[in-house]
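Take a look at the letters that make up each chain.
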Amino acid sequence: MDQSRPMFTDRWGGSFHLIEPGEFVMGDSVGSGARHEHPPHSLTIESPFFFAERLVTQAQWLDVMGENPSKFQEGWSAGLRPVESICFDEVMVFLEQLNQLEGDQERLGFIGKWRIPSESEWEYVARCGTKGRWWFGNSDTELDDYGWHAGNAGSSTREVGLKKPNSWGIHDMNGLVAEWCMDHWVRNYDVRRKQKPFTIEGTTRRVIRGGSWFTESDSTRSSARSSADESKSSDGIGLRLIWEPQTPS
């Protein structure tokens, strides 16, 4: 991605990069993924959005919510670690608070709304135009350069943004903490996805993406996916923000 493309910085120092529309193949097209990554299918991202360069930190969560539920709070740099131990319902409260706080904030000439990614948006950014197991290839020999996982994290989270970004300038897509997505969980892609979240009435399981500090390298692949109940909190699950410009009515 052209690093000169539009971006902005929020009051907490987070940078948000414009992600432009495009097409990609969602799911495992390499042949080494799990059944719930199949069938691979072509998907079009039709609407642009701004994607957070880094995960939401403990410092930002504390500032918005007035409390910090995270497990890993020790050390002077803890505020720069990702917030974790948050359930999906708490993420929704955080977003509501954030939008109330900044709902009238104009950025790049637009008023927008904060949200978390759909599963398809997340994978689109994780792949950044590639089709392999990771954006950098099919071997995990380079993974330590880009992500924290069970093999290198040292049994805890680390500060956000320490590893190299992917080619679209986004950090920590391959590990550190998994990320809540808006989609409800189903075990395959028999119903092809779109940009908007896939939702099912009567279910409380949501998709999580990205792998974490305590999972093996395979969970950090671009197409790897898992799930958790909306009420579950884990020291391996956090969140990443999207800012979506709103179309004038």
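Residues numbered from 1 in each chain as written. Predicted model: local features only at pLDDT ≥ 70, side-chain atom pairs only at ≥ 80, totals over all residues. Heavy atoms only, no water.

Enquirer: When you look at the pattern of salt bridges in this model, what are you seeing that I'm missing?
Expert: For side chains of opposite charge, pairing can occur when their charged atoms come near one another. Scanning all chains against the criterion turns up 16 salt bridges. Taking the shortest distance from any N to any O, the salt bridge between Arg133 and Asp218 comes out at 2.8 Å. Of the two residues, Arg133 is situated in the loop between helix H3 (119–127) and helix H4 (143–146) and Asp218 in the loop between strand E9 (205–209) and strand E10 (225–229); the sequence distance between them amounts to 85 residues. Classification of Arg133 as buried rests on a relative accessible area of 19%. (Salt bridge = Lys/Arg side-chain N within 4 Å of Asp/Glu carboxyl O. Helix = DSSP H or I, 4+ residues; strand = E, 2+ residues; numbered from the N terminus. Buried < 20%, exposed > 50% of the residue type's maximum accessible area, 1.4 Å probe, protein only.)

Enquirer: Looking at this model, I keep getting lost on the sheet that holds E9. Mind explaining?
Expert: Strands belonging to one sheet form pairs held by backbone hydrogen bonds; the direction of such a pair is parallel or antiparallel. The four strands are arranged E10-E9-E8-E11 in an open sheet whose pairing can be described as mixed. In this open sheet, the two edge strands, each paired with only one partner strand, are E10 and strand E11 (237–238). Sitting on the sheet, helix H2 (residues 88–102) touches strand E8 (178–184) and E9, and the angle it makes with E8 is about 90°. (Pairing = 2+ DSSP bridges. Contact = heavy atoms within 4.5 Å. Axes fitted to C-alpha atoms, helices over the stretch in contact; angles between N-to-C directions.)

Enquirer: Would you mind showing me how to read the packing of aromatic side chains here?
Expert: Given two aromatic rings, one states the distance between the centres and the angle between the planes to describe the pair. For the structure on display, the rule yields 17 aromatic pairs. Between Phe8 and Phe50, the aromatic rings sit 5.4 Å apart at their centres with planes inclined by 55°, giving tilted as the arrangement. One end of the pair, Phe8, is in strand E1 (residues 7–9); the other, Phe50, is in strand E5 (residues 49–52), with 42 residues separating them in the sequence. Each of the two residues, Phe8 as well as Phe50, counts as buried. Centroid distance Phe8 to Trp114: 6.3 Å. Interplanar angle 65°. Geometry classified as edge-to-face. Residue Phe8 is found in strand E1, and its partner Trp114 is found in strand E7 (residues 110–115); the two are separated by 106 residues along the sequence. Of the two residues examined, Phe8 and Trp114, each falls in the buried class. An aromatic cluster is present here, built from Phe8, Phe16, Phe50, Trp114 and Trp243 joined pairwise through their rings. Over the ring of Trp148 we find Lys163, and its NZ or CZ is 4.1 Å from the ring centre. Against the face of Phe198 rests Arg193, its NZ or CZ located 4.3 Å from the ring centre. (Phe/Tyr/Trp six-rings, centres within 6.5 Å; stacked < 30°, edge-to-face > 60°. Lys NZ or Arg CZ within 6 Å of the ring centre and 35° of its normal.)

Enquirer: Quick question: what am I supposed to make of H3 here?
Expert: Think of an α-helix as 3.6 residues a turn; residues three or four steps apart then line up on the same face. Of all nine residues in H3, nine are buried, a share of seventy percent or more. In the segment just after H3, Cys128 is the residue with positive phi, at about 40°.

Enquirer: Sorry, what's going on with the side chain of Thr157 here?
Expert: Counting through the fold element by element, Thr157 comes out in the loop between H4 and E8. Residue classification places Thr157 among the buried residues on the basis of a relative accessible area of 0%. Look past the residues within four positions of Thr157 in its chain and what remains in contact with it is Phe72, Arg81, Pro82, Glu84, Leu176, Val177, Trp213 and Asp235.

Enquirer: Help me understand the packing of helix H1 (residues 58–65) against H2, please; the structure alone is not making it clear to me.
Expert: Packed helices, taken two at a time, are described by the angle their axes make and the gap between the axes. Where H1 meets H2, the closest approach of the two axes is 10 Å, and the angle between their N-to-C directions is 70°. With respect to H2, the axis of H1 lies roughly perpendicular. When the axes of H1 and H2 are compared, the crossing they make is left-handed. The residues of H2 that touch H1, namely those facing Gln60, Trp61, Val64 and Met65, are Glu90, Val91, Val93, Phe94, Gln97 and Leu98. Looking at the contact of H1 with H2 residue by residue, the class counts come to seven nonpolar, two polar and one charged. (Parallel < 35°, antiparallel > 145°, perpendicular 65-115°, else oblique. Left-handed = near helix turned anticlockwise from the far one by under 90°. Nonpolar A, V, L, I, M, F, W, Y, C, P; charged D, E, K, R; others polar.)

Enquirer: Looking at this structure, how should I read the sheet that holds E1?
Expert: Strands sit in the order E1-E2-E5-E12-E7-E6 across an open sheet of six strands; the sheet is antiparallel. A single partner strand is all that each edge strand has here, and the edge strands are E1 and strand E6 (106–107). In the sheet, E5 pairs with strand E12 (residues 242–245) via two bridges, with the strands oriented antiparallel. If you follow Phe50 over to E12, its bridge partner there is Trp243. The sheet strands contacting H2 are E6 and E7, and the helix crosses E7 at an angle near 160°. Against the sheet, H3 engages strand E2 (15–19), E5, E7 and E12, with an angle of about 70° to E5.

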